Amino acid sequence: MNSNELLEARQEIIRVSRELHEIGLLVRTWGNISSRVDEDHFLITPSGIRYEDLTPEMIVLVNINDLSYESDVKPSSELKVHAAAYKVRPDAEFIVHTHQVFASCAGTLGQKKIFSYFDDEDVVIPVAAYALPGTEKLAENVARCLKKYKDANGIIMANHGTLCLGADAREAVFEAEKMETACNDFLIDVCKTDMTHGVECGYNSHLEDGQIVFDQKDTPERVKQIHQHIYAKRPDVSYIIHNKAEAVLTVSRRANHMKPLLDDFAQLIGVGVKIPNNDDELYHNIKKSVNVVFSQNDGAYCLGSNEDDALAVAMVLDKGCIAYMAVMRNGEGHYLSLLECIKMNRHYRKSYSKLADIKK
Ligand SMILES: [Zn+2]
């Protein structure tokens, strides 16, 4: 590829990332996209930069064989997975890795394949075995799955997300969309109810010069007290989103305790969340290391140092609750081990505080 072609390939990755961002399959900095350049190289999106902010020079050229790169920008932490996929699948020219809601949730049930349908045709989606993000083991598991199911253009990475590939960008994007629709239908079958996702705000608040400002004037006294307790116990919190999305409400009504079923839950929320039976228990559940406080029958408060962080927690909680409901209905699922959750939570906090330092 000459330099003009390389620039075009970089621009295409940005175009596709915006497209996937617009249709909601890629959010924030989660997921990553790559394209094959030649036998030994691929281009990949960087680590920790929002899709809206990408410029061509941020797309990193990586060697498939030794993962080396010449760039000041760090490539995505999942570059091992992409390299492994290009090695076992010579037909792959473009790869999209997402944390899309329904496919990720379908990958928590402990099943090796997901059976569904799309456009009246049967769809079988293989699920690659779980391993911690960023590890060699995860790359191996994905490669093994892609090799075994040579005809599959998309697989689910258990408890994490998806990997979709194609002979070009269009094929890979189509696969991600198809998979989300098929997995939505699959979850509707499992849960015997319609599936929506997103964040539904109840009573939010934030701190302004040390004072609590409530978004809604009619915030009830009881709710105000909960917010006050959270700010008092968590000096690191400046924004609270009261998430009353359907799945979060359901969990707040029916569950006692949530353990992580998805990597991002362990990273952003914590290694476990209790659902209280009364306000005493609710206050007791406000903990330093847990960014969600459930309210009995009333959704959950999602905590952040700013609006953006609180929103990230709210989105990850909604997805985690959909997975939780699916596992409950299914009767079995694959939970992450406590050790894996602790590792991920620590790693995330460490890299996040580093990132915050850089931004300062
Ligand atoms: Zn990922």
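Look up: the structure comes first, before these words.
About the criteria used
Residues numbered from 1 in each chain as written. Predicted model: local features only at pLDDT ≥ 70, side-chain atom pairs only at ≥ 80, totals over all residues. Heavy atoms only, no water. Helix = DSSP H or I, 4+ residues; strand = E, 2+ residues; numbered from the N terminus. Rg over C-alpha atoms; globule rule 2.2 N^0.38 Å. Buried < 20%, exposed > 50% of the residue type's maximum accessible area, 1.4 Å probe, protein only. Contact = heavy atoms within 4.5 Å. Lys, Arg positive; Asp, Glu negative; His and termini not counted. Charge placed at Lys NZ, Arg CZ, Asp CG, Glu CD. Donors = N, O, S within 2.8 Å, 3.2 Å for Na, K, Ca; no water. Pairing = 2+ DSSP bridges. Axes fitted to C-alpha atoms, helices over the stretch in contact; angles between N-to-C directions. Patch = residues over 30% accessible without salt bridge, like charges linked within 9 Å, V, L, I, M, F, W, Y side chains within 5 Å. Areas by Shrake-Rupley, 256 points an atom, 1.4 Å probe, with all protein chains shown as cover. Salt bridge = Lys/Arg side-chain N within 4 Å of Asp/Glu carboxyl O. Core = buried A, V, L, I, M, F, W, Y, C linked by side-chain atoms within 4.5 Å. Right-handed = clockwise from strand over helix to strand, strands pointing away. Parallel < 35°, antiparallel > 145°, perpendicular 65-115°, else oblique. Left-handed = near helix turned anticlockwise from the far one by under 90°. Nonpolar A, V, L, I, M, F, W, Y, C, P; charged D, E, K, R; others polar.

S.K.: Help me understand the overall build of the protein, please; the structure alone is not making it clear to me.
M.R.: The secondary structure content of the protein amounts to 11 helices and 15 strands. Computed over its C-alpha atoms, the radius of gyration of the protein comes to 21 Å, within 12% of the 21 Å expected for a compact globule of 360 residues. Dimensions of the protein, computed from C-alpha atoms along their principal axes, come out at roughly 65 × 45 × 35 Å. Among the 360 residues that make up the protein, the fraction classed as buried is 52%. Within the protein, counting contacts between residues at least 6 apart in sequence, those at least 24 apart form 64% of the total. Distance between charge centres in the protein, computed from 41 positive and 53 negative side chains, equals 8 Å.

S.K.: What should I look at first to understand the environment of Ile-59 in this one?
M.R.: Looking at where Ile-59 falls in the secondary structure, it is placed in the loop between strand S2 (41-44) and strand S3 (60-63). Those residues in contact with Ile-59 that lie beyond four places of it in its chain are Arg-10, Ile-13, Ile-14, Leu-43, Ile-44, Thr-45, Pro-46 and Leu-54.

S.K.: I'm lost on the coordination of the zinc ion in this one. Help?
M.R.: Perfect tetrahedral coordination of a metal by four donors corresponds to 109.5 degrees between them, and perfect octahedral coordination by six donors corresponds to 90 or 180 degrees. Summarising the metal site, the zinc ion is bound by the protein donors His-97 (NE2), His-99 (NE2) and His-160 (NE2), whose distances to it range over 2.0 to 2.1 Å. Read in sequence order, the donor residues for the zinc ion give the motif H-x1-H-x60-H. Within this pair, whereas His-97 is found in strand S4 (residues 94-98), its partner His-160 is found in the loop between strand S7 (154-157) and strand S8 (161-166), the two being separated by 63 residues in sequence. For His-160, a relative accessible area of 8% puts it in the buried group.

S.K.: Any chance you could explain the sheet that holds strand S6 (residues 121-128) here in plain terms?
M.R.: Backbone hydrogen bonds hold the strands of a sheet together, and the pairing may be parallel or antiparallel. Read across the sheet, 8 strands follow the order S3-S2-S1-S4-S8-S7-S6-S5 without closing on themselves; strand pairing throughout is mixed. The outermost strands of the open sheet, each flanked by one partner alone, are S3 and strand S5 (113-118). The mean angle between the axes of side-by-side strands here comes to 25°, regardless of whether they run parallel or antiparallel. Relative to S8, S7 runs antiparallel, the two being bridged by 4 bridges. Each residue of the ladder has a partner; that of Met-157, found in S8, is Gly-161. Packing of helix H1 (residues 3-22) onto the sheet brings it into contact with strand S1 (32-38), S2, S3 and S4, and relative to S1 it is tilted by some 155°.

S.K.: Whenever I open this one, a positive patch on the surface confuses me. Can you help?
M.R.: A cluster of basic residues, Lys-192, Arg-253, Arg-254 and Arg-329, forms a positive patch on the protein surface. Take Lys-192: it is sitting in the loop between helix H5 (169-191) and strand S9 (205-208).

S.K.: Help me understand the pattern of salt bridges, please; the structure alone is not making it clear to me.
M.R.: Scanning all chains against the criterion turns up 13 salt bridges. The partner of Arg-50 in a salt bridge is Asp-308, with the nearest N and O atoms 2.6 Å apart. With Arg-50 in the loop between S2 and S3 and Asp-308 in helix H10 (residues 307-330), the pair connects residues that are 258 residues apart, well separated along the chain. Residues Lys-244 and Asp-298 are paired through a salt bridge, measuring 3.1 Å at the closest nitrogen-oxygen approach. Linking Lys-244 in the loop between strand S11 (239-243) and helix H7 (246-254) with Asp-298 in the loop between strand S14 (292-294) and strand S15 (300-304), this pair joins segments that are 54 residues apart in sequence. The network of salt bridges with shared partners includes Arg-28, Arg-50, Glu-52 and Asp-308.

S.K.: What exactly am I supposed to notice about the nonpolar core here?
M.R.: Across soluble globular proteins, you tend to see nonpolar side chains buried next to one another. Ile-156, Val-251, Met-258, Val-292, Phe-294 and Leu-317 are the most contacted members of the largest nonpolar core, which has 83 residues in total. If one sorts the elements of this core by residue count, H10 sits on top with 13 residues. The next biggest cluster of nonpolar side chains, apart from the first, holds 25 residues, and it includes Val-81, Ala-92, Ala-131 and Met-157.

S.K.: Looking at this structure, I do not really get the pairing of S7. What am I missing?
M.R.: Working note: regular strand, side chains alternate between the two faces of the sheet. In S7, alternate side chains face the same way, and those of Gly-154 and Ile-156 on one face and Ile-155 and Met-157 on the other are all buried. Note that S6 and S7 share 2 bridges and pair parallel. Bridged to Ala-128 within S7 is Met-157. For the crossover from S6 across helix H4 (residues 136-148) to S7, the handedness is right-handed. The antiparallel pairing of S7 with S8 creates a hairpin that spans 3 residues between the two strands, and Asn-159 there sits at a positive phi of about 60°.

S.K.: Looking at this model, I keep getting lost on the environment of Phe-174. Mind explaining?
M.R.: Position of Phe-174 relative to the elements: it lies in helix H5. Owing to a relative accessible area of 44%, Phe-174 belongs among the partly exposed residues under this scheme. Note: C-alpha distance between Phe-174 and Cys-164 (10 residues apart in sequence) is 8.8 Å.

S.K.: Looking at this structure, how should I read the packing of H7 against H10?
M.R.: In helix packing, the relevant descriptors are the interaxial angle and the interaxial distance, both defined with respect to the helix axes. Where H7 contacts H10, the axes come no closer than 8 Å and their chain directions differ by 60°. With respect to each other, H7 and H10 are oriented oblique. For the crossing formed where H7 meets H10, the hand is left-handed. Along its contact with H7, which presents Ala-247, Val-248, Thr-250 and Val-251, the element H10 presents Leu-317, Asp-318, Cys-321, Ile-322, Tyr-324 and Met-325. Along the lines of polarity and charge, the residues of the contact of H7 with H10 split into 8 nonpolar, 1 polar and 1 charged.

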